[in-house]
Amino acid sequence: PQKESYWGNVNPIGIRSCYDEGKRAAETLCFDYKRQHDLDTRVIRIFNTYGPNMRLQDGRVVSNFILQSLKNEPLILHDGGQQTRRFCFVSDLVEGLIGLMNSPKTRNGVFNLGNPKEFTIETLAKTICEIAKQDLNLQSVPSPRQDDPQKRCPDISKIKSAIGWSPKV
């Protein structure tokens, strides 16, 4: 599990570098602005949110699998789908955000916000087929995503301690 103290490990010339470095740069700018203007800030690191009203073409795995399932297409697994992710339902995310914003104990802190329960991408695909009552039709292809992490897991002990938050869904 990644603690908030983890600074990251980014390939600065990799295909994901703009995304990864962009998040780190945003945190840096937030804290520089906070220091210059003595503002009350919080940095919240969000891990894989899903829920109602997701755009079907947003490119994330949950919406991709739902769309493929609804179209009776094979669900595409990159490299067999053994990568793991944690999925946080949007209502849990919103509850965590509001709790962090309203608590003076979280002022000027960095917090992970996500679900620590781990799923393989293959398990997600099978679950979506089951819910959609679709035949299981999985197709493994080589991953086009260089530097895509194999595991992502938030350590949520800091947010639990600060505001008592943990995901319910």
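Just so it is clear, the model here is predicted, and its values are computed rather than measured.

A.B. asks: Hey, could you run me through helix 3 (residues 90–102) in this one?
C.D. replies: One turn of the α-helix equals 3.6 residues, which is why residues spaced by three or four share an orientation. With 13 residues, helix 3 should cover 18 Å at 1.5 Å per step; its first-to-last C-alpha distance of 18 Å lies within 8% of that length. Where the residues of helix 3 are buried, they touch strand 1 (42–46), strand 2 (49–50), strand 5 (88–89), strand 6 (109–113) and helix 5 (157–163).

A.B. asks: Where do I start with the packing of helix 2 (residues 61–70) against helix 4 (residues 121–131) in this structure?
C.D. replies: When two helices pack together, their arrangement is given by the angle between the helix axes and by the axis-to-axis distance. At their nearest, the axes of helix 2 and helix 4 sit 10 Å apart, and the two run at 40° to each other. Judged on the interaxial angle alone, helix 4 and helix 2 are oblique. The handedness of the crossing between helix 2 and helix 4 comes out as right-handed. Between helix 2 and helix 4, the contacting residues are V61, V62, F65, I66 and S69 on the first element and I121, L124, A125 and I128 on the second. Residue classes in the contact of helix 2 with helix 4 are distributed as eight nonpolar, one polar and no charged.

A.B. asks: Help me out: how do you make sense of a nonpolar patch on the surface in this one?
C.D. replies: A cluster of nonpolar side chains, contributed by V90, V94, I98 and M101, occupies part of the molecular surface with about 320 Å² of accessible area. Along the chain, I98 turns up in helix 3. In this structure I98 comes out as partly exposed when scored by relative accessible area, which is 41%.

A.B. asks: Would you take a moment to explain helix 2 for this structure?
C.D. replies: Considered for burial, the residues of helix 2 that qualify are V62, S63, F65, L67, Q68 and S69. Summarising the contacts, the buried residues of helix 2 are in contact with strand 2, strand 3 (75–78) and helix 4.

A.B. asks: Teacher, can you tell me more about the side chain of S17 here?
C.D. replies: By the secondary structure assignment, S17 is in helix 1 (residues 17–37). With residues up to four places along the chain from it excluded, the contact list for S17 reads V10, N11, P12 and G22.

A.B. asks: Looking at this structure, how should I read the environment of L67?
C.D. replies: Along the polypeptide, L67 turns up in helix 2. Between the C-alpha atoms of L67 and E4, which are 63 residues apart in sequence, the distance is 34 Å.

A.B. asks: Would you mind showing me how to read the environment of R24 here?
C.D. replies: Mapped onto the elements of the fold, R24 is located in helix 1. Remark: the alpha-carbon pair of R24 and I128, spanning 104 residues in sequence, is separated by 33 Å. Among all residues touching R24, those that are not within four sequence positions of it are W7, G8, N9 and V10.

A.B. asks: Can you walk me through the side chain of S63 in this structure?
C.D. replies: Mapping S63 onto the fold places it in helix 2. Ignoring any residue separated from it by four or fewer positions in sequence, one finds S63 in contact with M54, R55, L56 and D58.

A.B. asks: What should I look at first to understand the nonpolar core in this one?
C.D. replies: One broad trend across soluble globular proteins is that nonpolar side chains are buried collectively. Within the largest apolar cluster, 11 residues are counted, these being M54, V62, F65, L75, L77, F87, I121, L124, A125, I128 and C129. Broken down by secondary-structure element, the contributors of at least two residues to this core are helix 2, strand 3 and helix 4. Per-element tally for this core: the top contributor is helix 4, with five residues. Residues L100, I156, A162 and W165 belong to the second largest nonpolar core, which totals nine residues.

A.B. asks: Would you mind showing me how to read the pairing of strand 6 here?
C.D. replies: Put simply, side chains in a regular strand alternate between the two faces of the sheet. Burial analysis of strand 6 places five of its five residues in the buried class, which makes it a mostly covered element. Residues of strand 6 alternate between two faces, with G109, F111 and L113 on one and V110 and N112 on the opposite face, all of them buried. Here strand 1 runs beside strand 6; their pairing, made up of five bridges, is parallel. Counterpart to R42 in the pairing with strand 6 is G109.

Rules behind the numbers
Residues numbered from 1 in each chain as written. Predicted model: local features only at pLDDT ≥ 70, side-chain atom pairs only at ≥ 80, totals over all residues. Heavy atoms only, no water. Helix = DSSP H or I, 4+ residues; strand = E, 2+ residues; numbered from the N terminus. Expected span 1.5 Å × (residues − 1). Contact = heavy atoms within 4.5 Å. Axes fitted to C-alpha atoms, helices over the stretch in contact; angles between N-to-C directions. Parallel < 35°, antiparallel > 145°, perpendicular 65-115°, else oblique. Left-handed = near helix turned anticlockwise from the far one by under 90°. Nonpolar A, V, L, I, M, F, W, Y, C, P; charged D, E, K, R; others polar. Patch = residues over 30% accessible without salt bridge, like charges linked within 9 Å, V, L, I, M, F, W, Y side chains within 5 Å. Areas by Shrake-Rupley, 256 points an atom, 1.4 Å probe, with all protein chains shown as cover. Salt bridge = Lys/Arg side-chain N within 4 Å of Asp/Glu carboxyl O. Buried < 20%, exposed > 50% of the residue type's maximum accessible area, 1.4 Å probe, protein only. Core = buried A, V, L, I, M, F, W, Y, C linked by side-chain atoms within 4.5 Å. Pairing = 2+ DSSP bridges.

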